[in-house]
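# Structural overview
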Amino acid sequence: MRPSIVSSYVPTRSPGGVGNRNHAPATRAEGQNVINETALLESPTLRGSVLARTDVLDRVKALSLLPDGMHVTTAMVASYFSVTVEVIRALVHDHRAELEASGYRVLTGTELSDFKQLSGIRSHTRSLALFPRRAVLNIAMLLRDSEVARQVRVYLLDTEYLARTQPVENPTPMDAAALDARIDQRITHVLGTTVVPMFNALIETSGEHRRELIALRAGVQRIEKRLRQHHTRLQRLESPKENRPLAGVMAAMDAMNGREFEEHVAELLRRDGCTDVVVQGGGRDRGIDITARTADGRRIVVQCKRFAPHLSITSPEIQKFLGAAKVLHDSEVALFVATCPFTRDALNIAAESGITAVHRGLLEDWSAGAALPVLA
């Protein structure tokens, strides 16, 4: 295993320590310029050397783009990394020159007006900050307090390690799924067979720092568990290329207005064999945007919410829809479709009350051709 994985959890180790036992000696790694996470976080030069590997962003989480297919806004970057907009703005303030070199820019005046007209984006702001994929990857290499950013760095460093250590002659090609699996398996193997036993040994022989070591070991075990869960998720999501969500699916929906989004959902229902599909709309919809029937005749009601990706559907909205769907319309299938995530409480209420919560990720899959099980 390359040094970066262990060094990210045990930063005080000496060169050639635990992290170097699973591959060639340190002199070889140094000669091949294999980088680790600490160096990546601290060195603008190293960050600049790997900015071309923007594909690692999609290995962790789907990155939705603006309608131009090239940029994201500050809010979209914050949503991707699951942090606040203020965190991203502070990072830009501290590293503006580096991010501008990666393509970050702020549009104003005529340039902003032209961009709105060409891209179709609907915004009334006097300025608009734009991040290309390279700048988003740059953010991932700077953002310390984000699990998503940490996972991006893990993929980035493993990809870079494989690229720098693989023999030049007759290289063996490796597809994305195999690389994902090998990365997760190698990380969990090192954590389970090296790092955790090391903590066990230290705890047994240490008196003064025993409590701190136990806490650190618990943290590593949590990380190991999350990586195993992530590996399971990747195995579930990996499918033939033709069945994967199409690029720009969510960007197109983000550019729609409310009525256009309702019509889009209605078309998805028709595509999946539903009949009597009617878009209600207007102020007299009694909390329901679409009504229809499944192919086997069950009554369907749908609520559509086209929200920004960084917002969330909350439990009061689910409760309000529940009343309209079950009491006013006596529905047999209730869909709450949104272009944003749902809070945990909202998901719990939906599950308990028989409402299908079609969140942003599920909506992307549905729009790209996957069927909703509840409609079958």
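Residues numbered from 1 in each chain as written. Predicted model: local features only at pLDDT ≥ 70, side-chain atom pairs only at ≥ 80, totals over all residues. Heavy atoms only, no water.

## Description of helix H15 (residues 258–271)
Which entries qualify depends on this criterion: What counts as a helix is a DSSP run of H or I of at least four residues, what counts as a strand is a run of E of at least two, and both are numbered from the N terminus. Between the first and last residue of a helix there are one fewer steps than residues, each counted as 1.5 Å, and that sum is the expected span. Remark: exposure states derive from per-residue accessible area (1.4 Å probe, protein chains only) relative to the maximum for the residue type, with buried under 20%, exposed over 50%, and partly exposed in between. Contacts are residue-level and defined by heavy atoms, with any inter-residue pair within 4.5 Å sufficient.
Here H15 is 14 residues long and its end C-alpha atoms lie 20 Å apart, about the 20 Å a rise of 1.5 Å per residue gives. Turning to H15, its buried residues are Phe-261, Glu-262, His-264, Val-265, Ala-266, Leu-268 and Leu-269. Buried residues along H15 sit against helix H14 (249–254), strand E4 (275–279), strand E5 (290–293), strand E6 (299–305), strand E7 (333–338) and helix H18 (360–367). Phi turns positive one or two residues past the end of H15, at Gly-273, with a value near 90°.

## A few points about the pattern of salt bridges
Selection criterion: For this document, the term salt bridge refers to a Lys or Arg side-chain nitrogen within 4 Å of an Asp or Glu carboxyl oxygen.
In the structure shown here, the tally under the stated rule is 15 salt bridges. Of the charged contacts in the structure, one is a salt bridge between Arg-360 and Asp-254, with a shortest N-O distance of 2.7 Å. On the criterion of sequence distance, the pair formed by Arg-360 in helix H18 and Asp-254 in helix H14 is long-range, its members being 106 residues apart. There is no split in this pair, since Arg-360 and Asp-254 are both buried. For Glu-262, the salt bridge goes to Arg-259, with nearest N and O atoms at 3.8 Å. Taken together, the residues span about one helical turn, with Glu-262 and Arg-259 both in helix H15 at a distance of three residues. Among the residues examined, Glu-262 registers a relative accessible area of 11% and is labelled buried. The class for Arg-259 is partly exposed, based on a relative accessible area of 40%. Here the salt bridges do not stand alone but share partners, grouping Glu-37, Arg-150 and Arg-153 into one network.

## Observations concerning the environment of Leu-40
Relative to the helices and strands, Leu-40 is located in helix H3 (residues 37–42). Judged by relative accessible area, Leu-40 falls into the buried class, the value being 0%.

## Some words on the pairing of E5
Heads up, the rule is: Strand pairing is assigned whenever DSSP identifies at least 2 bridges connecting the two strands.
Summarising the sheet, E4 and E5 pair through three bridges and their orientation is antiparallel. Across the sheet, residue Val-278 finds its bridge partner in E5, namely Thr-291. Between the end of E5 and the start of E6, which pair antiparallel, lie five residues, with Gly-297 showing a positive phi angle near 95°.

## Here we look at the packing of aromatic side chains
Stated formally: By convention, a stacked pair of Phe, Tyr or Trp rings (six-membered ring in the case of Trp) has centres within 6.5 Å and planes under 30 degrees apart, an edge-to-face pair has planes over 60 apart, and any other such pair is tilted.
Using the criterion set out here, one finds four aromatic pairs in the structure. Ring geometry for Phe-321 versus Phe-336: centroids 5.5 Å apart, planes at 90°, classification edge-to-face. Highlighted residues: Phe-321 in helix H16 (residues 315–328) and Phe-336 in strand E7, separated in sequence by 15 residues. Taking the relative accessible area as the measure of exposure, Phe-336 reaches 1% and is therefore buried. The rings of Phe-321, Phe-336 and Phe-342 are connected pair by pair, giving a single aromatic cluster.

## Considerations on the sheet that holds strand E1 (residues 71–72)
The test is simple: Convention adopted: a line fitted to C-alpha atoms gives each axis, helices being fitted over their contacting stretch, and angles between N-to-C directions are expressed from 0 to 180 degrees.
Spatial ordering of the open sheet is given by E1-E3-E2, a layout of three strands whose pairing is antiparallel. Single-partner strands in this sheet number two, and they are E1 and strand E2 (105–108). Sheet analysis places E1 next to strand E3 (residues 127–132), joined by two bridges and oriented antiparallel. Its bridge partner lying in E3, Val-72 is registered against Phe-131. Along the sheet, helix H10 (residues 133–140) makes contact with E1 and E3, crossing E3 at roughly 80°.

## Quick look at the sheet that holds E7
If you walk across this open sheet you meet the five strands as E4-E5-E6-E7-E8, and the pairing is mixed. Single-partner strands in this sheet number two, and they are E4 and strand E8 (355–358). Here the average twist between neighbouring strands, direction ignored, is 15°. In this sheet, E8 lies alongside E7 in parallel orientation, the contact comprising four bridges.

## Focus: the nonpolar core
Test applied: Residues belong to one nonpolar core when they are buried, are Ala, Val, Leu, Ile, Met, Phe, Trp, Tyr or Cys, and are joined through side-chain atoms within 4.5 Å.
Phe-81, Ile-88, Phe-131 and Ile-139 are the most contacted members of the largest nonpolar core, which has 44 residues in total. Other than its neighbours up to four places away in sequence, Phe-131 contacts Met-70, His-71, Val-72, Thr-73, Thr-74, Val-77, Ile-88, Val-92, Tyr-104, Val-136 and Ile-139. Within the second largest apolar cluster, 25 residues are counted, among which are Val-249, Val-265, Cys-274 and Trp-366.

## Some points on unusual backbone geometry
Most peptide bonds take the trans form, and the phi angle of most residues other than glycine is negative. A positive phi is found at Ser-82, a non-glycine position, where the angle reads about 60°. Turning to its location among the elements, Ser-82 is positioned in the loop between helix H6 (74–81) and helix H7 (85–94). Since its relative accessible area comes to 56%, Ser-82 is described here as exposed. Located in the positive-phi region is Asp-276, a residue other than glycine, with phi close to 50°. Tracing the chain through its elements places Asp-276 in strand E4.

## Some thoughts on the confidence of the model for the protein chain
Note the threshold: pLDDT measures how confident the predictor is about each residue, on a scale from 0 to 100.
Counting all residues, the mean pLDDT for the protein chain is 77, and 72% of those residues have values of 70 or more. Segment residues 1–32: pLDDT under 50, and 57 contacts once partners within four positions in sequence are set aside and those in other chains are kept. Throughout residues 168–174 the model reports pLDDT below 50, and contacts reaching past four residues in sequence, or to other chains, amount to five contacts.

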